[in-house]
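# A structural walkthrough
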Amino acid sequence: MIALRILLGLAIAAPLASAAPADPPQPSDLTVVHRDGQSFITWTELLADQQESYRIYRHDQPITQGTIAQATLLYEVPRDSGRFYSDRYDVSGTGVWAARYFDRYVIQDGGFELTAGTGLLVWTVDSTDLGGNSSGDTYYAVTTVDSGSTENLTDFGPGNAIGPISESVDEPSPVEVAQVGNIRIFIQYMDLHDWNPTFHAPNPSNGYYGLSPADPAVANAVQYAYSYTLVVPDASQCGGQAPSPMPMILFLHPWQDNAYPPQTSPTNYCAAELRPVDTSETWWFGFSKDHDYRLSSVPTSGETIRNYTEQRVLRMVYDMQRHPVLKDAIDWNRVYLVGHSMGGSGVLGMSLRYPQVFAASYASEPMTSYKTAGDGGGTNWDPNLEIKWGPEALNLPVELDAPGDWGQPLATYSGTGIWDWQDHQTQLISRRAEGTVPIGIGFGRNDTTIEWVTQGRPSYGPLHNAWQPFGVHISGDGHVWQDFQGLPPTLGLSGLEPFLGFTARLNESIPALTEDVAPLSDFPFGSLGVNENIAWSSTWDPWGGYPVDLPHVWRMALRTTDGTTLSRRVTLRRVQRLILDPMARYAWENRRFDGTLVSSGVTTLMAEGLLSLPAQEITSQGNRVTVVLRARPTK
């Protein structure tokens, strides 16, 4: 007993630095569910420390005290990692924040929110995780790090270590959380190999979503999941009979400063509406790959801007194409892109980049060159944009990707400066060889929010000189929704529904109708629109017969709809079957409907690989333009 007291006395008298800190208790109830290429890792957190964090490890053999040093540390997350911070919104802009749909994550189709005290990490498996293989067995463990930074690396058992878990590389699927009437709610979990989870975590730029940064769980959180909805029309919105398969609109909302409420309204049209949320306003593009937004707001030199928002929004479309029910319920040749203001800006950007996805699009009052926004005395968006993209002077490089093979055509543009990449006025010309989604645009001459003088007016020349299919309407409005004004007649309104009642199709050739103008020309004063009065005959509107697109001949009927006679260059876009041979010659002719030959000639492909005919007469009675492939010249 005396000896014990002496030992205790020595222990008490010994300097604190020499006393080994006690290991904190480990979490419990570790579970891992692998589904569609993602492992959903949950555990029960401690409730005593309140400042602890958890480290999630992965290994190809059981994790023990002896093997933990060889295991891969995936992530360290604070307490409350099951909370869905980025789904919070500022209710009506009052400064009172609430959960949009869920306060905590849901990880099973039709499941419940995780309970308070449940930790979560969702890991998207790739081949590097599996030693270069596409499948394999994996072991996981979760350890506790207490508020004094002491990690428990000694205790491993069935409560905090698990395996083997059979995993495989696969396309992730969103969690279909709930269906309320015709509104289906999804949560998508992004790949932490590439995602920056600090931008949508609580941080100074989003006001910590109304929470206290003094709480370590808030200040150190990570976020990489997003909710969205698909709203399906019912028979009453479709004249008594919903179409099968149905068209779909991807709707990009305008700026609302994180006051994006839950979706409770039905569709506006007889079409499904896919409604994402651009939390913290990335202008539907993305943010820094490298920056820790929890520490400071503005990216700095050496960082890269990644198109994260484009990726996840496109991912929604891509995932719907793979959904067990919706993949057959939606017509993938009739998917459209619509937005106003910030949403219209996103529409314009995606229209220039993903012509293989959308049949047609409409952008109301979009940004056409972010680098000049505000230079004409209107709203200066630079302070907001620099949070996402860094200062304009740095022009940080972009990194571009998209689901499936949709990003492959853009691979060569990774490394372009972000402010150059978002200068659509310049990109229209430099990327003329590539296709775009046929688009209608509405501008307001009195718009100072996305100002006419730097965004609308100077886009006239680039739109024409890009030889892309477009229409424009110019109103005397300020910054208001332009109600689909600017769509060419073949894509215009049918009743109240755009794109001729959502009948325009992706898999059909269309003409680009443009004027030859000086590069810096702007819209003539008093002009109300361009190409709003020129129609082409299509399968969905065959007023002049079906278009012809065969290996050796292409033919299309054109007409003005207001009685005028116009002259337009005709560039063949979205060619389906006509052989485009850089060594071949093409004979062309333009005849009026009465058979009168207006003009003819022979041409070859342009340097960009495009087949573009010189200015053609277009009358109200109608003209047919025919192109015939001649044999390649022989020596």
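The structure reproduced in this document is the subject of the present report. (Residues numbered from 1 in each chain as written. Predicted model: local features only at pLDDT ≥ 70, side-chain atom pairs only at ≥ 80, totals over all residues. Heavy atoms only, no water.)

The next thing to look at is the overall build of the protein. Along the backbone of the protein there are 11 helices and 31 strands. If one aligns the C-alpha atoms of the protein with their principal axes, the spans along those axes are about 120 × 60 × 50 Å. With 635 residues in all, the protein has 56% of them scored as buried. For the protein, long-range pairs separated by at least 24 residues make up 74% of all intrachain contacts whose partners lie at least 6 apart in sequence. Element-wise, carbon and sulfur atoms account for 53% of the exposed surface of the protein, whose accessible area totals about 24800 Å². With 41 positive and 68 negative side-chain charges, the protein shows a separation of 9 Å between the mean positions of the two kinds. (Helix = DSSP H or I, 4+ residues; strand = E, 2+ residues; numbered from the N terminus. Buried < 20%, exposed > 50% of the residue type's maximum accessible area, 1.4 Å probe, protein only. Contact = heavy atoms within 4.5 Å. Areas by Shrake-Rupley, 256 points an atom, 1.4 Å probe, with all protein chains shown as cover. Lys, Arg positive; Asp, Glu negative; His and termini not counted. Charge placed at Lys NZ, Arg CZ, Asp CG, Glu CD.)

Let us now look at the state of the cysteines. Inspection of every chain in the model, using the stated rule, returns one disulfide. A sulfur-sulfur distance of 2.1 Å marks the disulfide that ties Cys238 to Cys270. Negative torsions about the S-S bond denote left-handed disulfides, and the value of about 110° found for Cys238 with Cys270 makes this one right-handed. Note that Cys238 is positioned in the loop between β12 (225-231) and β13 (246-252) and Cys270 in the loop between β13 and β14 (272-275), a separation of 32 residues in sequence. Using a relative accessible area of 13% as the deciding quantity, one classes Cys238 as buried. (Disulfide = S-S within 2.5 Å.)

For the rest of this paragraph, the subject is helix α5 (residues 342-353). Given 3.6 residues to a turn, an α-helix orients residues that are three or four positions apart in the same direction. The end-to-end C-alpha separation of α5 is 17 Å, in line with the 16 Å expected for 12 residues at 1.5 Å each. Burial of α5 is extensive: 12 of the 12 residues sit out of reach of the surface. All of the buried residues in α5 are Met342, Gly343, Gly344, Ser345, Gly346, Val347, Leu348, Gly349, Met350, Ser351, Leu352 and Arg353. (Expected span 1.5 Å × (residues − 1).)

A complete count under the given rule lists seven cavities of 30 Å³ or more for this structure. Considered as a void within the structure, the largest cavity measures approximately 80 Å³ in volume. What lines the largest cavity is a set of 14 residues, among which Val77, Ser81, Leu120, Val222 and Gln223 lie closest to the centre. Here the residues of the lining of the largest cavity sort into nine nonpolar, two polar and three charged. As a volume, the second largest cavity reaches approximately 50 Å³. Contributing to the lining of the second largest cavity are Leu348, Leu352, Leu428, Thr436, Ile439, Leu463, Gln468, Pro469 and Phe470. Taken together, the residues that form the lining of the second largest cavity break down as seven nonpolar, two polar and no charged. (1 Å grid on protein atoms, 1.4 Å probe; cavity = no way out; pocket = protein on both sides within 12 Å on 5 of 7 lines; lining within 4 Å. Points joined across faces, edges and corners; volume = space filled by probe spheres on them. Nonpolar A, V, L, I, M, F, W, Y, C, P; charged D, E, K, R; others polar.)

With that settled, the discussion passes to the packing of aromatic side chains. Two aromatic rings, taken as a pair, are described by how far apart their centres are and by the angle between their planes. This model, assessed by the stated rule, comprises 36 aromatic pairs. A centroid spacing of 6.4 Å and a plane angle of 80° characterise the contact between Phe287 and Tyr293, whose relative ring orientation is edge-to-face. Plain terms: the ring middles of Phe499 and Phe502 are 6.3 Å apart, the flat faces sit at 55° to each other, and that makes the pair tilted. A residue pair is termed a helical-turn pair when its members lie 3 or 4 positions apart in one helix, as Phe499 and Phe502 do in helix α11 (residues 498-502) at three residues. The class for Phe499 is buried, based on a relative accessible area of 0%. Assessed through its relative accessible area of 0%, Phe502 is described here as buried. When the ring centre of Trp467 is taken as reference, the NZ or CZ atom of Arg432 above it lies at 3.8 Å. (Phe/Tyr/Trp six-rings, centres within 6.5 Å; stacked < 30°, edge-to-face > 60°. Lys NZ or Arg CZ within 6 Å of the ring centre and 35° of its normal.)

What follows deals with the pattern of salt bridges. Summed over the entire model, instances satisfying the criterion amount to 28 salt bridges. The salt bridge involving Arg334 is made with Asp331; its shortest N-O contact spans 2.8 Å. For the pair formed by Arg334 and Asp331, the shared burial category is buried. Across the salt bridge formed by Asp516 and Arg569, the nearest N and O atoms sit 3.1 Å from each other. Of this pair, Asp516 sits in the loop between β22 (510-514) and β23 (529-530) while Arg569 sits in strand β27 (residues 566-573), and the two are 53 residues apart along the sequence. Residue classification places Asp516 among the exposed positions, given a relative accessible area of 52%. Taking the relative accessible area as the measure of exposure, Arg569 reaches 13% and is therefore buried. One salt-bridge network, held together by shared partners, links Asp80, Arg83, Asp103 and Arg104. (Salt bridge = Lys/Arg side-chain N within 4 Å of Asp/Glu carboxyl O.)

Next up on the list: the sheet that holds β27. Reading across from one edge, β22-β27-β30 is the order of the three strands in this open sheet, with antiparallel pairing throughout. Where the open sheet ends on each side, the last strands, each with one partner, are β22 and β30 (612-618). Sheet twist, expressed as the mean angle between neighbouring strand axes with direction ignored, is 40°. Relative to β27, β22 runs antiparallel, the two sharing five bridges. (Pairing = 2+ DSSP bridges. Axes fitted to C-alpha atoms, helices over the stretch in contact; angles between N-to-C directions.)

This brings us to the sheet that holds strand β19 (residues 398-399). Ordered by their spatial adjacency, three strands build an open sheet running β15-β16-β19, and the pairing between neighbours is mixed. Lying at the two open borders of the sheet, with one neighbouring strand each, are β15 (287-288) and β19. Pairing of strand β16 (residues 305-306) with β19, which is carried by two bridges, proceeds in the parallel orientation. Note on β19: the bridge partner recorded for Arg306 is Glu399.

Residues Leu230, Met248, Leu274, Trp283, Phe358, Trp389 and Phe523 are the most contacted members of the largest nonpolar core, which totals 69 residues. It is helix α3 (residues 308-320) that contributes the most residues to this core, six residues altogether. The residues touching Trp283, leaving out its near neighbours within four places in the chain, are Trp255, Asp278, Met342, Ser345, Gly346, Met367, Tyr370, Trp381, Asn384, Leu385, Trp389 and Ile450. Among the nonpolar cores identified, the runner-up in size contains 46 residues, and Leu74, Tyr105, Val122 and Phe287 belong to it. (Core = buried A, V, L, I, M, F, W, Y, C linked by side-chain atoms within 4.5 Å.)

Attention shifts here to the layout of surface pockets. If you roll a probe as big as a water molecule over the atoms, it shows you where there is empty space left. The volume enclosed by the largest pocket comes to roughly 480 Å³. Lining the largest pocket are 24 residues, and of these Glu171, Pro172, Asp191, Gln311 and Arg315 sit closest to its centre. At the level of elements, β11 (183-189) and α3 are the ones that each hand at least two residues to the lining of the largest pocket. Counting residues per element, the lining of the largest pocket draws most heavily on α3, at three residues. The class makeup of the residues in the lining of the largest pocket is nine nonpolar, six polar and nine charged. Size it by volume and the second largest pocket reaches roughly 400 Å³. Lining of the second largest pocket is provided by 24 residues; of these, Phe251, His253, Asn268, Glu273 and Arg275 occupy positions nearest its centre. Looking at the lining of the second largest pocket, the elements that each hand over two or more residues are β12, β13, β14 and β17 (330-340). For the lining of the second largest pocket, the per-class residue count stands at 14 nonpolar, eight polar and two charged.

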